[in-house]
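One-letter residues, chain by chain:
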Amino acid sequence: MTSTQSATLRLQQILLSWDYWHLVTRSDAGEGAMPTERFKKVPVTFASVQEYIAVFEPLVLEECGALLVRGNEEALNMQAHQAVVAITSLQDEFLVSRIAMDEGVARDYSDNDFILLSKDDPNDESARAELHAIGFVDGHEGQQSLSVKFYMQMSMQEGNDAGKKRVQAMQAGLSQPGSTWYVLKLSSMSTIMREWSALHAVQDLRFKDVLLSAKTSTSRRTSKLMVPQIMKEKVEAEYNASQVSAVTQGLDGTPVVLIQGPPGTGKTRTILALLSIIMHSAPPGSARLLKGSTTARPIVQIGMQDQKRLWLQASPWLIGANPREAIKPWDAPSTVPTYLDAFGLLSVSKPVRVGKDVGRKSHVLVCAPSNSALDEIVMRLLSTGLLDEHGDKHTPGIIRMGMNVHHSVASVSMETLVERRLEATKESRVCAVTCCRCMQ
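Residues numbered from 1 in each chain as written. Predicted model: local features only at pLDDT ≥ 70, side-chain atom pairs only at ≥ 80, totals over all residues. Heavy atoms only, no water.

(A) Region of the structure containing the pairing of strand β2 (residues 94–100). Across the seven residues of β2, five count as buried, placing the element largely inside the fold. Across seven bridges, the pairing between strand β1 (residues 81–91) and β2 is antiparallel. Bridge pairing links Leu 90 to Leu 95 in β2. Taken together, β1 and the strand that follows it, β2, pair antiparallel across an intervening segment of two residues, in which Asp 92 is found at a positive phi of about 50 degrees. For β2 and strand β5 (residues 145–150), the ladder comprises six bridges, and the chain directions are antiparallel. Bridging across to β5, Val 96 finds its partner in Lys 149. (Buried < 20%, exposed > 50% of the residue type's maximum accessible area, 1.4 Å probe, protein only. Helix = DSSP H or I, 4+ residues; strand = E, 2+ residues; numbered from the N terminus. Pairing = 2+ DSSP bridges.)

(B) The arrangement of the pairing of strand β3 (residues 113–118) in detail. Summarising burial for β3: six of the six residues are buried, a large majority. The alternating pattern of β3 places Asp 113, Ile 115 and Leu 117 on one face and Phe 114, Leu 116 and Ser 118 on the opposite face, and all of these are buried. As defined by bridge partners, β3 adjoins strand β6 (residues 179–188) across six bridges and the pair is classed as antiparallel. Each residue of the ladder has a partner; that of Asp 113, found in β6, is Ser 188.

(C) A look at the packing of aromatic side chains. Scanning the model with the defined rule gives six aromatic pairs in all. Residues Tyr 20 and Trp 21 carry aromatic rings whose centres are separated by 5.2 Å and whose planes lie at 70 degrees to one another, so their mutual orientation is edge-to-face. Judged on exposure class, the residue Tyr 20 and its partner Trp 21 are both buried. A ring pair is formed by Phe 46 and Tyr 52, whose centres lie 4.9 Å apart and whose planes are at 70 degrees; its orientation type is edge-to-face. By relative accessible area, which is 11% here, Phe 46 ends up buried. Among the aromatic residues, those joined into a ring-pair cluster are Phe 46, Tyr 52 and Phe 56. Between Lys 149 and the ring centre of Phe 94, over which it is positioned, the NZ or CZ distance is 4.2 Å. (Phe/Tyr/Trp six-rings, centres within 6.5 Å; stacked < 30°, edge-to-face > 60°. Lys NZ or Arg CZ within 6 Å of the ring centre and 35° of its normal.)

(D) Focus on the environment of Glu 103. In this fold, Glu 103 is placed in the loop between β2 and β3. In this structure the C-alpha to C-alpha distance between Glu 103 and Gln 143, which are 40 residues apart in sequence, comes to 6.5 Å. With near-sequence residues (within four places) excluded, Glu 103 lies in contact with Gln 143 and Gln 144. (Contact = heavy atoms within 4.5 Å.)

(E) Representation of the pattern of salt bridges within the structure. For the structure on display, the rule yields seven salt bridges. Notably, a salt bridge pairs Glu 57 with Arg 10, separated by 2.6 Å at the nearest N-O pair. Taken together, the positions of Glu 57 in helix α3 (residues 49–74) and Arg 10 in helix α1 (residues 3–16) put the pair 47 residues apart, joining distant regions of the chain. A relative accessible area of 10% means that Glu 57 is categorised as buried. Arg 166 is paired through a salt bridge with Asp 19; the nearest N and O atoms lie 3.7 Å apart. Taken together, the positions of Arg 166 in helix α4 (residues 161–174) and Asp 19 in the loop between α1 and α2 (20–28) put the pair 147 residues apart, joining distant regions of the chain. Take Arg 166: its relative accessible area is 2%, and that puts it in the buried class. A residue is classified by how much of its surface remains accessible, and Asp 19, at 24% relative accessible area, is partly exposed. (Salt bridge = Lys/Arg side-chain N within 4 Å of Asp/Glu carboxyl O.)

(F) Examining the packing of helix α8 (residues 241–248) against helix α9 (residues 267–280) more closely. Two elements in contact, α8 and α9, have axes separated by 9 Å at closest approach and are oriented at 45 degrees. Comparing their axes, α9 and α8 come out oblique. The way α8 lies across α9 gives a crossing that is right-handed. On α9, the residues touching Gln 243, Val 247 and Thr 248 of α8 are Arg 269, Thr 270, Ala 273, Leu 274 and Ile 277. Classifying every residue of the contact of α8 with α9 by side-chain character gives four nonpolar, three polar and one charged. (Axes fitted to C-alpha atoms, helices over the stretch in contact; angles between N-to-C directions. Parallel < 35°, antiparallel > 145°, perpendicular 65-115°, else oblique. Left-handed = near helix turned anticlockwise from the far one by under 90°. Nonpolar A, V, L, I, M, F, W, Y, C, P; charged D, E, K, R; others polar.)

(G) The arrangement of the sheet that holds strand β4 (residues 132–140) in detail. If you trace the six strands once around the closed barrel, you get β1-β2-β5-β4-β3-β6, paired in antiparallel fashion. Ignoring strand direction, the axes of neighbouring strands in this sheet form an average angle of 45 degrees. On top of the sheet, α2 reaches β3, β4 and β6; it is set at about 115 degrees to β4, its chief contact.

(H) Spotlight on the environment of Val 84. Relative to the helices and strands, Val 84 is located in strand β1. Judged by relative accessible area, which is 32%, Val 84 ranks as partly exposed. In sequence terms Val 84 and Ser 179 are 95 residues apart; their C-alpha atoms lie 5.6 Å from each other. Discounting residues that sit within four places of it in the chain, Val 84 has contacts with Arg 98, Ile 99, Ala 100, Gly 178, Ser 179 and Thr 180.

(I) A look at the nonpolar core. One finds Trp 18, Tyr 20, Leu 61, Leu 68, Phe 114 and Met 189 to be the most contacted residues of the largest nonpolar core, which totals 38 residues. Counting only elements with at least two residues in this core, the list comes to α1, α2, α3, β2, β3, β4 and α5 (190–200). A per-element tally of this core places α3 first, with ten residues. Non-local contacts of Met 189, meaning those with residues more than four positions away in its chain, are made with Cys 64, Leu 67, Leu 68, Asn 112 and Phe 114. (Core = buried A, V, L, I, M, F, W, Y, C linked by side-chain atoms within 4.5 Å.)

Keep in mind these numbers describe shape, not what the thing actually does.
Encoded structure:
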């Protein structure tokens, strides 16, 4: 088990040991999930990775508690579903229960969701008895069953007599096949679990010294990337000095750049400028390719027959061929182990840009802490576009990956693009078959 997996397991143990109604009571009293003495002042620098983790762990746990309680507030408008515990087994200190629900209801629950399992209806104000526990949806078993993990260890309730009584009662209750319960979805913990894993992966980062010391690397750094002159002038004309400084900070090879600003200061707009610069900046030796069309080197123009040949070579499915069928594990270069070459899947031909100027073509991964934040960036990209190396606006190719895509950006979602490609492939094959029949 890796250190990150071990840390994730520990997070589950902590959260599943919490008394849910105790969290709600503390929240009603204006208190957080964690005792105030657990919090430490965040220093500017850290002496070690261990200190870094010790400072931020309680803050992440406090965020977890807030998510669970907020789930209770949102759940007031949600229905608690009745369910039956079919069977419970002990797996690596966790109690894993198969919980059967009405047909279709299980689809409302996703992996990594945290739920409340209670003998009483959670929406009833008096539902604060001992028989309740926080559970973690570990998977689905068919259309009507969930696999849910619980952590009922007395060691996690030291000094808490009420907690020990609750754990003991839940151990007995979950061990009864056919017992009926109420299940209420609290919150998805996917994002917070990734945050927790990232916190404990700091020790493996190449630039951890930068995070701990709050200083750039002491090693001599030279300029890594240059901004095309026309683009630079355009950015300086459209953005203020603070925004220009922010988007150019990482061009000298700095591994971490933190851009912070209050609401309304143009952070999303600054992200567009940052993407424009990242996609069109280049090492100094390549700058002449990016200064404009007067110095760019156009590709040699080729005839229509050669263009068709290149198009078919790049898109063999247009004539009904399946390029995957030609890929074999032994096709990889002899100097590269087949498993490192993904058994031939990485051995692809270099793409040819027909009729386009030669230039740098970048791929940038943009991440956001929530689906709504990501959709906002995608919407801005579609409506506003980016600057190219000539200072002109253009809309880049975008693939929106992930769940809960807003309808305003659904046209560039992975699912939509795949569906369109499959439809186009089907139509092309029908056309190819028709043409072949006409030629016979």
